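So you can see what is in the structure, the chains are spelled out below.
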Amino acid sequence: MMNFTMQDVGRKSPSIKGPRGPEFQKDEGRGGVATKVRDPEVKKKRKLGREDETEKEKEWRVLLHNDNVHTFDYVTHTITEVVKTISRKKAFRITMQAHSSGVSTVTVTWKELAEDYCRGLQKHGLTSSIAPDSHFHKS
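The text that follows walks through the structure, step by step, so that each part is easy to find. (Residues numbered from 1 in each chain as written. Predicted model: local features only at pLDDT ≥ 70, side-chain atom pairs only at ≥ 80, totals over all residues. Heavy atoms only, no water.)

**A look at the nonpolar core**
So the rule is basically this: Side-chain atoms within 4.5 Å are what join buried Ala, Val, Leu, Ile, Met, Phe, Trp, Tyr and Cys residues into a set we call a nonpolar core. The rule is simple: take the accessible area with a 1.4 Å probe, protein chains only, and divide by the maximum for that residue type; under 20% is buried, over 50% is exposed, in between is partly exposed. Numbering of helices and strands runs from the N terminus, with a helix taken as a DSSP run of H or I at least four residues long and a strand as a DSSP run of E at least two residues long. In this description, contact between two residues means that some pair of their heavy atoms is separated by no more than 4.5 Å.
In this structure, Leu64, Ile79, Ile86, Val106 and Leu121 are the most contacted members of the largest nonpolar core, which totals 16 residues. Secondary-structure elements contributing two or more residues to this core are β3 (60-65), α2 (72-82), α3 (88-101) and α4 (111-123). Sequence-distant contacts of Val106, that is, excluding residues within four places in its chain, are made with Val62, Leu63, Leu64, Ile79, Val83, Ile86, Ile94 and Leu121.

**Quick look at the sheet that holds β3**
Let me state the cut-off plainly: Strands are labelled as partners when DSSP assigns at least two bridges between them. Inter-axis angles, ranging from 0 to 180 degrees, are taken between N-to-C directions of lines fitted to C-alpha atoms, where helices are fitted over the stretch in contact.
Overall, antiparallel pairing links the 3 strands, which are arranged β4-β3-β5 in an open sheet. The two strands at the open ends of the sheet, each matched to only one other strand, are β4 (103-109) and β5 (127-132). Taken pair by pair, the neighbouring strands of this sheet meet at an average axis angle of 25°, ignoring direction. In this structure, β3 lies alongside β5, joined through 6 bridges in antiparallel fashion. Pairing of Leu63 across the sheet is with Ser129, part of β5. Contacting β3 and β4, α3 crosses the sheet at an angle of about 135° to β4.

**Looking at the pattern of salt bridges**
Cut-off, in case you're wondering: Each salt bridge in this description consists of a side-chain nitrogen of Lys or Arg and a carboxyl oxygen of Asp or Glu lying within 4 Å of one another.
Scanning the model with the defined rule gives 3 salt bridges in all. The residue Arg88 makes a salt bridge to Asp73 at a minimum N-O spacing of 2.3 Å. With Arg88 in helix α3 and Asp73 in helix α2, this residue pair connects regions lying 15 residues apart in the sequence. Judged by relative accessible area, Arg88 falls into the partly exposed class, the value being 41%.

**So, the side chain of Thr95**
Rules: As used in this structure description, the phrase polar contact means that two N or O atoms lie within 3.5 Å; if the pair is within protein, one of them must be able to donate a hydrogen and the other to accept it, and residues adjacent in sequence are counted only when both atoms belong to side chains.
Mapped onto the elements of the fold, Thr95 is located in helix α3. Here Thr95 falls in the buried class, since its relative accessible area comes to 4%. At 3.4 Å, the side chain of Thr95 and the side chain of Thr76 are in polar contact.

**Observations regarding the packing of α2 against α3**
The test is simple: Angular relationships are summarised with four words: roughly parallel below 35 degrees, roughly antiparallel beyond 145, roughly perpendicular across 65 to 115, and oblique for the angles in between. Left-handed describes a crossing in which the near helix is turned anticlockwise from the far one by less than a right angle; the clockwise case is right-handed. Think of it as three bins: nonpolar holds Ala, Val, Leu, Ile, Met, Phe, Trp, Tyr, Cys and Pro, charged holds Asp, Glu, Lys and Arg, and polar takes everything else, Gly as well.
Orientation of α2 relative to α3, taken along the N-to-C sense of each, is 125°, at an axis distance of 8 Å. In terms of axis orientation, α2 runs oblique to α3. As for how α2 packs across α3, the hand of that crossing is right-handed. Along its contact with α2, which presents Phe72, Asp73, Val75, Thr76, His77, Ile79 and Thr80, the element α3 presents Arg88, Ala91, Phe92, Ile94, Thr95, Met96 and His99. Residue composition of the contact of α2 with α3, by class: 7 nonpolar, 5 polar and 2 charged.

**With respect to the pairing of β3**
Within β3, 5 of the 6 residues are buried, which leaves it mostly tucked inside the rest of the structure. Pairing geometry for β3 and β4, over 6 bridges, is antiparallel. Paired with Val62 across the two strands is Thr107, which belongs to β4.

Structural data, given as structure tokens:
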């Protein structure tokens, strides 16, 4: 519900055709409506933090962690089911490496796909994570 005062009686309604929004007609000496014009937005440069730097990483590793719960056969089968490009033989090597050293790289890919693979392994009960490939030493 709109509230009007005696000063509003007889005042013309605003026109909505100006480049900066409504334009109001001036009253003959009885006052007017003040409008504020916005300053143009200035984009501020952000400093890149650690989170921003990891977002720019091109390649990510999908890591499988040893859990001492699942059988070698189950882990091997799960890897081949989630990451279709990995053979059973390679999946078994990945499983053995995770068992002996505690962690193993399943694959290296772009971030979105690495996240999908990681979630797929986790849905099957395996312990998995991703990490930027640049955090590992190249051999």
